[in-house]
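One-letter residues, chain by chain:
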Amino acid sequence: MASNATNGFVGGLFSTVVMTAFRESISLSYPPTAEFCAKFLGGEPNDHPVGAIALHLLYGGFAGSLFAVAFGEGSNSALDTETEGIIGGLGYGLLLSLFGERVMLGRLLDMALEEDESMIFHAGHAMYGVALGAWVGSRS
């Protein structure tokens, strides 16, 4: 189980970089973790670029560990583990996205994303999930 968690953490870091690269290519702002840092550390979101990226990577790594532990060694279905990982990861990424938008942004930070921002947020998390699932599935 520890090796799954470690593998998932590394996969989560990798997947967060993938998600962030996608997001940065179309959105010129820090991840929402900058808002989190500003709320709890003071100042403005742009005052916390390093903290925002570090916290985003930490979230991604932790979420990757949870996925890898839950995914385990796959389900022994007719699908190969990479395919299972990608499908499972996509669903997981979208669940994280819904949780992030409704709970983390909506309730904790009192933020409401505009429609285009919401789509980018969900698309980025879908990419996170696919990358994570591919990473974990290929190493199971």
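Residues numbered from 1 in each chain as written. Predicted model: local features only at pLDDT ≥ 70, side-chain atom pairs only at ≥ 80, totals over all residues. Heavy atoms only, no water.

1. Observations concerning the pattern of salt bridges
Part 1: Across all of its chains, the model carries one salt bridge by this definition.
Part 2: Across the pair Glu-24 and Arg-23 runs a salt bridge, and its minimum N-O distance is 3.6 Å.
Part 3: Classification of Arg-23 by relative accessible area gives buried; the value is 16%. (Salt bridge = Lys/Arg side-chain N within 4 Å of Asp/Glu carboxyl O. Buried < 20%, exposed > 50% of the residue type's maximum accessible area, 1.4 Å probe, protein only.)

2. Considerations on the packing of aromatic side chains
Part 1: Applying the stated criterion across every chain, the model contains five aromatic pairs.
Part 2: Between Phe-67 and Phe-71, the aromatic rings sit 5.6 Å apart at their centres with planes inclined by 20 degrees, giving stacked as the arrangement. With Phe-67 and Phe-71 both in helix H3 (residues 49–71), this residue pair falls four residues apart, about one helical turn.
Part 3: Members of the aromatic cluster, connected to one another through ring pairs, are Phe-36, Phe-40 and Tyr-59.
Part 4: Over the ring of Trp-135 we find Arg-139; its NZ or CZ atom is 3.7 Å from the centre of that ring. (Phe/Tyr/Trp six-rings, centres within 6.5 Å; stacked < 30°, edge-to-face > 60°. Helix = DSSP H or I, 4+ residues; strand = E, 2+ residues; numbered from the N terminus. Lys NZ or Arg CZ within 6 Å of the ring centre and 35° of its normal.)

3. Section: helix H4 (residues 81–108)
Part 1: Its maximal kink placed at Gly-100, H4 deviates by approximately 35 degrees.
Part 2: Listing the buried residues of H4 in full gives Glu-84, Gly-85, Gly-89, Tyr-92, Gly-93, Ser-97, Gly-100, Glu-101 and Leu-105.
Part 3: Next to the buried residues of H4 lie H3 and helix H5 (115–138).
Part 4: Residue Asp-110 follows H4 closely and has a positive phi angle near 55 degrees. (Bend = angle between axes of the 7 residues up to and from the residue. Contact = heavy atoms within 4.5 Å.)

4. Remarks on the packing of H4 against H5
Part 1: For the pair H4 and H5, the least separation of the axes is 6 Å and the interaxial angle reads 145 degrees. When you trace H4 past H5, the crossing you get is right-handed.
Part 2: Its residues placed into classes, the contact of H4 with H5 shows 13 nonpolar, 13 polar and two charged. (Axes fitted to C-alpha atoms, helices over the stretch in contact; angles between N-to-C directions. Left-handed = near helix turned anticlockwise from the far one by under 90°. Nonpolar A, V, L, I, M, F, W, Y, C, P; charged D, E, K, R; others polar.)

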